[in-house]
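# Architecture at a glance
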Amino acid sequence: MEQMHTLFIILFWLGLAVVFYTYIGYGILLYLLVRIKELFKKREALHLPEPLPEVTLFIAAYNEEDIIATKMENCRNLSYPDGKLRIVWVTDGSNDHTNERLAAYEDVTVLFNPERKGKTAALNRGMQYISTPYVVFTDANTMLNTDAIKEIVRCFSDPKVGCVAGEKRVDTQSARGATAGEGIYWKYESALKNLDDRLYSAVGAAGELFAIQTRLFEQMPSDTLLDDFILSLRIAAKGYKIAYCKEAYATETASLNMKEEEKRKIRIAAGGLQSVWRLKGLLNIFRYGTLSFQYVSHRVLRWTLTPLMLFLLLPVNAVLAISGNPFYAGLLFLQLLFYIAAYAGYRMEQRNLRNKLLFVPYYFVFMNINVIRGFFYLIRNKGNGVWSKAKRSPSSL
């Protein structure tokens, strides 16, 4: 009995350590490592190359007729020399008026295949037609800041950079209820990505805005769920860095509601688990060093061990509290208080009421539950790269 009690104590503190490290500890450690590094070596300023290289803006879209005019206006407003920026849309499977509306733009290349095979298949097919040295990927429903392309090209002036990850911003004015948590989450993510880059390399890129050296592109399995993540990490595995460029950003609206956000989170979690398996070579810290440490700390734990440990903490804590130890009884009370707050946030979201204090624990629990659900999604949809798009709130921009 004594041995079992000791085992529960070890399991509890191990679980708590994993959860704390994943969501708080890694950020603190990363910040300290960056400060130490920059005491000895300052970052060199990067300059725009002259002349500016040709760049392709690559937009994979499916049934985006409602956003074509807004997106093309945004493309026209990008500060990049005439003739140096090519715009390519890949609209495979679209059966609305997307292609008809794009036909009005003479300087746009539209690549269309009537069969829908998923975004990764569209990227694989479309990239065969790209001849510029750099390609910038973005989504149809995200708007780029005016200097985004120039700032991305500036990052490529470092020959060690093979991929540039732009910053994703969520229009919190469009957020309704708990979807505001998406904006808070991405602000935290952006801070971590910036620190990752300053230490060595960002760990992956978001499809809303990222760029690569075209020659480094490799065809991906068509069932790939997180094409942006797999593509960028494959480039990092070749010895190149993923630069994080907060001066280049893409803004999109929050998910329409938590049901739509749930769709997105489950797919991302499933894609994360798929990526951990397909990028398992990056777990070799003896080969990849700092990149491997960052990859495990920032990504792998979130998609594998941490959610399990999080939900195991409550029953293990309950067993320890029953033993009569007031310390563990106090910790159990705090855990229950946290989950009560999360449930209250859920109930308020159901009634379309706002309270960020409650939505933060709700969104945190929501994210981790969907990692578990992502595992079952991956099993059910094995070999299928076609997924249902999450609906977004109307823009307030």
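Higher on the page you've got the structure.
Residues numbered from 1 in each chain as written. Predicted model: local features only at pLDDT ≥ 70, side-chain atom pairs only at ≥ 80, totals over all residues. Heavy atoms only, no water.

Counted according to the given criterion, the structure contains 18 salt bridges. Note that arginine 198 and glutamate 38 form a salt bridge whose closest N and O atoms lie 3.0 Å from each other. Here arginine 198 is found in helix α6 (residues 180-199), whereas its partner glutamate 38 is found in helix α1 (residues 2-40), with 160 residues between them in sequence. Since its relative accessible area comes to 22%, arginine 198 is described here as partly exposed. Classification of glutamate 38 by relative accessible area gives buried; the value is 16%. Between lysine 263 and glutamate 260 there is a salt bridge, with the nearest N and O atoms lying 3.1 Å from each other. Of this pair, lysine 263 and glutamate 260 are both found in helix α8 (residues 258-278), three residues apart, which corresponds to roughly one turn of the helix. Classification of lysine 263 by relative accessible area gives partly exposed; the value is 32%. One network of salt bridges, in which partners are shared, links Lys168, Glu208 and Glu252. (Salt bridge = Lys/Arg side-chain N within 4 Å of Asp/Glu carboxyl O. Helix = DSSP H or I, 4+ residues; strand = E, 2+ residues; numbered from the N terminus. Buried < 20%, exposed > 50% of the residue type's maximum accessible area, 1.4 Å probe, protein only.)

Note on placement: glutamate 349 falls in helix α12 (residues 326-350). Notably, glutamate 349 is buried but unbridged: the nearest opposite-charge side chain belongs to arginine 347, and the N-O separation is 9.1 Å. (Lys, Arg positive; Asp, Glu negative; His and termini not counted.)

What follows covers the packing of aromatic side chains. Taken as a whole and judged by the stated rule, the model has 20 aromatic pairs. Between the aromatic rings of phenylalanine 229 and tryptophan 303, the centroid separation amounts to 5.2 Å while the plane-to-plane angle is 85 degrees, which identifies the pairing as edge-to-face. Of this pair, phenylalanine 229 sits in helix α7 (residues 227-237) while tryptophan 303 sits in helix α10 (residues 290-303), placing them 74 residues apart in sequence. The exposure classification of phenylalanine 229 matches that of tryptophan 303, with both residues buried. Pairing tyrosine 362 with phenylalanine 366 gives two aromatic rings, centres 6.0 Å apart and planes at 55 degrees, and the pair type is tilted. One end of the pair is tyrosine 362 and the other is phenylalanine 366, both in helix α13 (residues 356-380) and four residues apart, which spans about a single turn. Each member of the pair, tyrosine 362 as well as phenylalanine 366, carries the same accessibility label: buried. Grouped by ring-pair contacts, the aromatic residues Tyr343, Tyr346, Tyr362, Tyr363 and Phe366 constitute a single cluster. The ring of tyrosine 62 has arginine 116 sitting right over it, with the charged end atom 3.7 Å from the ring centre. The ring of tryptophan 277 carries lysine 280 above its face, with NZ or CZ at 4.1 Å from the centroid. (Phe/Tyr/Trp six-rings, centres within 6.5 Å; stacked < 30°, edge-to-face > 60°. Lys NZ or Arg CZ within 6 Å of the ring centre and 35° of its normal.)

So, about the side chain of serine 201. If you trace the backbone, serine 201 turns up in the loop between α6 and β7 (209-213). With a relative accessible area of 1%, serine 201 lands in the buried category. Of the polar contacts made by the side chain of serine 201, one reaches the backbone nitrogen of isoleucine 242; its length is 2.9 Å. Not counting residues up to four positions away in its chain, the partners in contact with serine 201 are Asp196, Lys241, Ile242, Leu291 and Gln294. (Polar contact = N/O pair within 3.5 Å; in protein donor to acceptor, adjacent residues only side chain to side chain. Contact = heavy atoms within 4.5 Å.)

We now examine the sheet that holds strand β1 (residues 55-60). Read from one edge to the other, the open sheet built from eight strands follows the order β3-β2-β1-β4-β7-β6-β8-β5, with strand pairing classed as mixed. In this open sheet, the two edge strands, each paired with only one partner strand, are β3 (108-111) and β5 (143-144). Of the strand pairs in this sheet, strand β4 (residues 134-139) and β7 are connected by five bridges, and their pairing is antiparallel. Paired with phenylalanine 137 across the bridge in β7 is phenylalanine 210. Taken strand by strand, α7 contacts β4, β6 (161-171), β7 and β8 (241-253), and its axis lies near 40 degrees from that of β7. (Pairing = 2+ DSSP bridges. Axes fitted to C-alpha atoms, helices over the stretch in contact; angles between N-to-C directions.)

These figures capture arrangement, not role.
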